[in-house]
Amino acid sequence: MRLWTALFATIAIWACGVAPTLAGGSMAIRAARVYPVSPDLPWVIEDGVIIVRDGRIEAIGADIEPPADLPLIEFPDASITPGFVAASTGLAGRHSARESVGAGYWSLDAFDRYADRRPILAGGVTTAHLSPGNNRLLSGRGAVVRLASSDDEHVELDAAADLTVNLTSDAYNPPLLVTPPLPPSADQMIMPSRPQRPNSRIGQYIALKQAVERALSLDPIDRTIHEQILAETWSDGFVLRVNADRAADLLGATAFLQTNDRAGYLVGGAEAARIAGRLADAGFPLVYTVAAPLRRAAGDLGPSREALDPSVEDLSALEELTLAIAPDETTRLEDMRLAAATALRAGLSEQRVLEAVTRTPAEILGVDDRVGSLTPGLLADLVVHSGHPLETRSHVLGVYMSGEEAFTAPESNATVVRADTVWLGPDEYLSGGSILIEDGKIAAVGRSVPQPPFARVIDAGEGSFVTPGLIDTGSRLGLGGDRTAPDPNLQLSKLFGAAGPEDHRVARAGVTTVLVSSSRASGRGSQITAVKTGGSNRETRVVADTAAVYFDLADSDPEEIESRLKARVQAGKQYAKKWAKWRDDLEQWKKDREAGMAVDEEPKIEVVEDGGNDGPDPITGTWFASITGGPLPEPISGNVGLNLKGSQFEGKIVEPAAAEIEHTIRGTLDGTSISGLIEIDTGGLPLPTFEGEISDEDRITGTLSFQAITLTLEAERTDRSAVTFAVKKKRRTTGKNGEPLPPRKDDALEPLRAALEKRIPLAVRVRTPQQIKAVLDYLVDTEDLPVVLVDAQAARVHADRLKEKSVGVVAPRQIVRQEQNREYHQASDLARQGVRVSFQSGAADGGRSLPLMGLFAVERGMSGDAALAAMTQDAAAMFKLEDRIGSIAPGRDADLVIFSGHPFETGSSVRRVIVGGQEVR
């Protein structure tokens, strides 16, 4: 029984090997455009879906809901076609046998089943005819195979598809033929070599006629292998594949086929256009081979008037033929798509050319029941193109064979965005523009930009309008509703990692960058950070750790504004002066070394004394302080000396004398509130901070915080006298080679140094005309610092001055307000007066409403381009970020928004958003 079971199993396996069942993948695939190339389906299916089960197409259409049990693969900008069918290739090579008539040769025997076909798949070719060669009159039998990326996926569609006849000069003058005696014997003499036909046009037909007649007339036992195969194939009505280029040979081929009542087709056809009518009447299909020199320069044709010109000039006459297009044997098969594009330029229609590389060659080769179109029931051999399949700038992104991935384009860092209109600035529009994005940056802008191989192409579609990403200049994104006043050393950028749902909600509205600040600002200034609304990590998201220093003076007495700001500015100046001196010393040290001058290489140490400052109550004096709670086993108490100057105070712990150098107290007095930090060596961790309230009884109650620990702070003033103290600090000022060492970095003063060096602005929140005047008088006129006013409801009073001094205004969240019983739109008014403005949401994900704010501003009289500039290039320029964001120009970050029209036209909407070169889905 086991013997019979094994026998039946062997027979079953053998049967499956003869007629294999092609298993395959299952999936749903969606693309912007699908070209089925099927007579039963629309020519183009927009937003098409193809359902594939077990390697075959189950359904195709535009209104198909992808089944839940299948993986969905989406290509929102790509085109899908059937795999290309190359009806003429040199993949099997030409055999070198001497016989002029060699019907017994099989091209499939010379096919390398283990070769890497990915370069060919990258050209979109999934099915290929294997030719036995064109250098002999009758060179053998061709085959049709499917190509894949690994050896076990090659599938023979037809192992013996046709018999190849070559009516070209390449087959003329074959070598002399020697027939050795079989079996070899001393009794049989070796006959001399004999010539073979053809050596002329007439000779080829004579040779064919004689070969066929001899093969049919001989007894099978007397036939050679070639005669035996020729007799069998001729008797069976085998399809003849006839290679011919010249008009005379093409006509001779049709006459030969008709006279002998043979089925067949023509290959080559260089001069077919000259006799297209006669070929159409004959009714034989033509595989036109394009000999375009795509990878080399064309050679000389020579002086002969009979030289065959391989150039493709006009193929429109071939429209009436059953026509396939393929590269000739001198053109690499991976260039088949470009060969087809050459035919398109030569007068054939787009539909005719695409049919000529898919369905028509499949029909000619007799395999259209399996490949060649995207018809339900056929094998799911699909090609995904980055753009139109016949466009020269388009590339193959992927190939699926039997529904399984056979080729995926190498990952590219390039994307090309094409749109009807690209907005470059007010009244500056680029029609039919393209933008090349590489590595997250804009690389080129123009009507025609480079398109690297395998670059993703986003065709924004009809009516599309591309702008820079919008900028929200007053956001609370990522702060989680926190309303505390951040210390000046706190960088809000540290709060951001990979973009989440809240960020994406803002991004999908077209806002690609937000300037994040707390709703409150420290009296010593808080930092504003610029962050993108898309990105996978902090590095890709943060535009500027510190985009501005933020002061909130909206509730301040105008008479006190200068003094409040002056203390911080002067502290910043002293700090910046140290860094400027270090840069000068470093530059001089480098020059001295380059000049060969001797330098003092002994490290230097200096002692710096910070003298005490006299100051008025309510804080100057000696305080007895006590810290309790948390993990402390018992209270820690001691005397602290404080001196106030302006709104800033400094001090030290005077008893117990724990450490004269390390413990320095710095803080800010704001009314009765104090806040600050203790400068202590924490090993790289953030410094301890404190805050509290001063009562009328000279008492302070508050908290001291370090990491996650919060302790209770209480203090009572015991002496109102000014405390004179000197905090001694020792530090090295030069390295071991005498190189000047930089000053100690003060994270609380670094933002001010950047502002004093005019790398970032000071953003000051004000309301009244008097407050605005005080800020302009001191910060702009006296200190010559870059300033941005936030809210500044009374800005129109100083509009001329704001314009003259290039001071921008972040418009209030309230778009329209009542003034003197009339509606007033501040952004529109200031913009018309030449003042640079921007918009803010003032909320976490409220940036979603920014486009609506612009729409309303336009309705209130602001021009559409002015509103767009306010949300892009002007916003970026106000915060000195224009070298990265706010405009579409080479070198800028690839932050783009694709609208269906001008953003502030009625009915326009956001279609797509790109942040840092990556689309936000």
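Above this text you will find the structure in question.
Residues numbered from 1 in each chain as written. Predicted model: local features only at pLDDT ≥ 70, side-chain atom pairs only at ≥ 80, totals over all residues. Heavy atoms only, no water.

### A word on the pattern of salt bridges
Okay, so step 1: Inspection of every chain in the model, using the stated rule, returns 52 salt bridges.
Okay, so step 2: The partner of glutamate 271 in a salt bridge is arginine 274, with the nearest N and O atoms 3.2 Å apart.
Okay, so step 3: According to the relative accessible area criterion, glutamate 271 is buried, its value standing at 14%.
Okay, so step 4: Overall, the relative accessible area of 64% leaves arginine 274 in the exposed class.
Okay, so step 5: When the shortest N-O distance is used, the salt bridge between aspartate 845 and arginine 848 registers 3.5 Å.
Okay, so step 6: Judged by its relative accessible area of 16%, aspartate 845 is buried.
Okay, so step 7: Salt bridges linked by common partners bring Asp77, Arg456, Arg912, Glu919 and Arg921 together as one network. (Salt bridge = Lys/Arg side-chain N within 4 Å of Asp/Glu carboxyl O. Buried < 20%, exposed > 50% of the residue type's maximum accessible area, 1.4 Å probe, protein only.)

### Examining helix α3 (residues 201-217)
Okay, so step 1: Here α3 is 17 residues long and its end C-alpha atoms lie 25 Å apart, about the 24 Å a rise of 1.5 Å per residue gives.
Okay, so step 2: On its buried face, α3 sits against β7 (138-146), β8 (155-166), α4 (225-235) and α5 (247-259). (Helix = DSSP H or I, 4+ residues; strand = E, 2+ residues; numbered from the N terminus. Expected span 1.5 Å × (residues − 1). Contact = heavy atoms within 4.5 Å.)

### Some words on the side chain of glutamate 227
Okay, so step 1: Relative to the elements of secondary structure, glutamate 227 occurs in helix α4.
Okay, so step 2: For glutamate 227, a relative accessible area of 14% translates into the label buried.
Okay, so step 3: One polar contact links glutamate 227 to arginine 214, side chain to side chain, over a distance of 2.7 Å.
Okay, so step 4: Residue contacts for glutamate 227: discarding those within four places in its chain leaves Arg214, Ala215, Leu218 and Asp222. (Polar contact = N/O pair within 3.5 Å; in protein donor to acceptor, adjacent residues only side chain to side chain.)

### Comments concerning α4
Okay, so step 1: Of all eleven residues in α4, eight are buried, a share of seventy percent or more.
Okay, so step 2: Where α4 is buried, its residues meet β7, β8, α3, β9 (240-244) and α5.
Okay, so step 3: Downstream of α4 by a residue or two, glycine 237 has a phi angle that is positive, lying close to 70 degrees.

### Quick notes on the pairing of β9
Okay, so step 1: Judged by how many residues are buried, β9 sits mostly within the fold: five of five residues are covered.
Okay, so step 2: The side-chain alternation of β9 yields two buried faces, one formed by Leu240, Val242 and Ala244 and the other by Arg241 and Asn243.
Okay, so step 3: Alignment of β8 against β9, held across four bridges, turns out to be parallel. Opposite leucine 163, over in β9, you have leucine 240 as the bridge partner.
Okay, so step 4: When β9 meets strand β10 (residues 264-268), the two strands line up parallel, connected through five bridges. The residue bridging asparagine 243 from the neighbouring strand is valine 267, located in β10. (Pairing = 2+ DSSP bridges.)

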